[in-house]
Amino acid sequence: MKKMIKKVLFGALLVGAVAVMGACSETVEGTEKDSGGKDSSSYPTKPIEIVVPAGAGGDTDLNTRTMAKYLEKELGTTMIITNVNGAGGTTGTKKVLDSKPDGYTVLSYHNSTLISKILGLVDYTYSDFDVAGMGVMDKGNAFVVNNKSEFKSLDDLIAFAKENPEKVTVATEVGSFTHLQLLAFEAATGTKFNIVDVGGASDKITALLGGRIDIIPTQLGLVNSYVESGDFRALGIMSDERLKAAPDVPTFKEQGVDLVMDKFFFWGFPKGTPEEIVDTFTKALEKVVANEEYQKEMEGFMVEPVYLNPAEANELMEKEDKFYTELNPQ
């Protein structure tokens, strides 16, 4: 009898164990998974590739690498920076757009994502990505000349350019943020420049140092060491007010050109990336921007550490998209 009771009890326990295992299996199967079949709640489980649609040495590259250094600590994984230059940034943005939406390929870029669509270079824009937020705002977008230049102010530049159409050579990268700045400046001042595509930020700096072009539109923080050394001179910045870090550089508005164009930097995943993954990345981004060490490091580049969540970032880009569309003189 005792043996029989033991057999019955063992059988009941065995059935119960199988039932529990089955329930656990159902729970795991019901957990949200990324497109690779892995549980997205454990994200990240491997290195994340960050695509920068610009060359090394520019402001986009510098801002991204600085942020990535802190994101690695928050997310507990390695960030692999991939510079994909070319076609005004569209080669890099398309690479991310076509990537697997599993959270392991992320875009780090700026306003040019909107501008490329407006200028007709691509058929997609910021809304075709799952935006994870923003972490940096640059209000030091400037027109910079070689210190040997005859132009001491925007007035000098405008007067000469009006009398000598297409004689002032200005460097840009077609389809980029600086390209739209130039088109808007021409429309606002009645000037016409000789706009040449020399490549990314570092290429423009090299061209100006070598005297191959007259002006570069660029971020003041990126070239401030050249300004301080006396190699370059900033004619003005496209901001509402002067920068605290550069109080001697006047705004365009002060000089009669009502043109304000701030540069934002956002992070985006391929469309269809699991919401849980995007949210994990967004929370890490927010923590980094709140980090005092990060803030101090970024302020050294003359940019503002500013966190915008996905909704706020999309709202800003929608507003800017309308502004750029109206601004585009073509």
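Scroll up to find the structure.
Here we summarise the structure given alongside this text.

Analysis parameters
Residues numbered from 1 in each chain as written. Predicted model: local features only at pLDDT ≥ 70, side-chain atom pairs only at ≥ 80, totals over all residues. Heavy atoms only, no water. Helix = DSSP H or I, 4+ residues; strand = E, 2+ residues; numbered from the N terminus. Buried < 20%, exposed > 50% of the residue type's maximum accessible area, 1.4 Å probe, protein only. Contact = heavy atoms within 4.5 Å. Areas by Shrake-Rupley, 256 points an atom, 1.4 Å probe, with all protein chains shown as cover. Core = buried A, V, L, I, M, F, W, Y, C linked by side-chain atoms within 4.5 Å. Arc of directions from axis to C-beta. Axes fitted to C-alpha atoms, helices over the stretch in contact; angles between N-to-C directions. Parallel < 35°, antiparallel > 145°, perpendicular 65-115°, else oblique. Left-handed = near helix turned anticlockwise from the far one by under 90°. Nonpolar A, V, L, I, M, F, W, Y, C, P; charged D, E, K, R; others polar. Phe/Tyr/Trp six-rings, centres within 6.5 Å; stacked < 30°, edge-to-face > 60°. Pairing = 2+ DSSP bridges.

Re the overall build of the chain
Moving on, step 1. The secondary structure content of the chain amounts to 11 helices and 11 strands.
Moving on, step 2. Split into buried and exposed, the 330 residues of the chain put 50% on the buried side.
Moving on, step 3. Within the chain, contacts between residues at least 6 apart in sequence are counted, and of these 75% link residues at least 24 apart.
Moving on, step 4. Just so you have it, the chain exposes about 15,500 Å², and 52% of that area is on carbon and sulfur atoms.

Things to note about the nonpolar core
Moving on, step 1. Among the nonpolar cores identified, the biggest contains 45 residues, and Phe 143, Leu 154, Leu 157, Phe 185 and Tyr 324 are the most heavily contacted of them.
Moving on, step 2. Listing elements by their share of this core, those giving two or more residues are strand 3 (105–110), helix 4 (112–118), strand 4 (129–138), strand 5 (141–146), helix 5 (154–163), helix 6 (177–189), strand 10 (263–270) and helix 11 (310–327).
Moving on, step 3. At six residues, helix 6 tops the list of elements feeding residues into this core.
Moving on, step 4. Non-local contacts of Leu 154, meaning those with residues more than four positions away in its chain, are made with Phe 143, Phe 185, Leu 235, Phe 252, Gln 255 and Val 257.
Moving on, step 5. By size, the runner-up hydrophobic cluster in this structure holds 29 residues, among which are Tyr 43, Val 106, Trp 267 and Val 303.

Topic: helix 3 (residues 90–97)
Moving on, step 1. Of all the positions in helix 3, only Thr 90, Gly 92, Thr 93 and Val 96 are classed as buried. Seen end-on, helix 3 carries its buried residues on one side only, within an arc spanning 160°.

Things to note about the packing of helix 2 (residues 59–75) against helix 9 (residues 275–290)
Moving on, step 1. Between helix 2 and helix 9, whose axes approach to 9 Å, the crossing angle comes to 120°. It follows that helix 2 is oblique to helix 9 by the angle criterion. The two elements helix 2 and helix 9 meet at a crossing, and its hand is right-handed. Taken together, the residues of helix 9 that come into contact with helix 2 (itself represented by Met 67, Tyr 70, Leu 71, Glu 74 and Leu 75) are Thr 280, Phe 281, Ala 284, Leu 285, Lys 287, Val 288 and Val 289.
Moving on, step 2. A breakdown of the residues in the contact of helix 2 with helix 9 according to their chemical character gives nine nonpolar, one polar and two charged.

Concerning the packing of aromatic side chains
Moving on, step 1. If you walk through the whole model with that rule in mind, you get 13 aromatic pairs.
Moving on, step 2. Here the aromatic rings of Phe 143 and Phe 252 are separated by 5.1 Å at their centres, their planes lie at 80°, and the arrangement is edge-to-face. Linking Phe 143 in strand 5 with Phe 252 in the loop between strand 9 (232–237) and strand 10, this pair joins segments that are 109 residues apart in sequence.
Moving on, step 3. When its relative accessible area of 0% is taken as the criterion, Phe 143 is described as buried.
Moving on, step 4. Three or more aromatic residues joined by ring pairs make a cluster, and in this case those are Phe 143, Phe 185, Phe 193 and Phe 252.

What to know about the sheet that holds strand 3
Moving on, step 1. Taken in spatial order, the six strands line up as 2-1-3-10-4-11 in an open sheet, and their pairing is mixed. Here the strands that pair on one side only, and so sit at the sheet edges, are strand 2 (79–83) and strand 11 (304–308). Strand after strand, the sheet turns through a mean of 25° between neighbouring axes, direction not considered.
Moving on, step 2. Two elements, strand 3 and strand 10, share four bridges in a ladder whose sense is antiparallel. Within strand 10, the residue paired with Leu 107 across the bridge is Gly 268.

Points about the side chain of Gln 255
Moving on, step 1. Looking at the secondary structure, you find Gln 255 in the loop between strand 9 and strand 10.
Moving on, step 2. For Gln 255, a relative accessible area of 17% gives the class buried.
Moving on, step 3. With residues near it in sequence (within four places) discarded, Gln 255 still touches Ser 153, Leu 154, Asp 155, Leu 235, Gly 236 and Pro 250.

Looking at the environment of Ile 80
Moving on, step 1. Turning to its location among the elements, Ile 80 is positioned in strand 2.
Moving on, step 2. A relative accessible area of 44% places Ile 80 in the partly exposed class.
Moving on, step 3. As for Ile 80 and Thr 105, which are separated by 25 residues in sequence, their C-alpha atoms are 9.5 Å apart.
Moving on, step 4. Once you skip the residues sitting within four places of it in the chain, Ile 80 turns out to touch Pro 47, Ile 48, Glu 49 and Ile 50.

Focus: the side chain of Thr 189
Moving on, step 1. In this fold, Thr 189 is placed in helix 6.
Moving on, step 2. Residue Thr 189 is classed as buried on the basis of its relative accessible area, which comes to 9%.
Moving on, step 3. Excluding its chain neighbours within four sequence positions, the residues that come into contact with Thr 189 are Ile 158, Lys 162 and Val 257.

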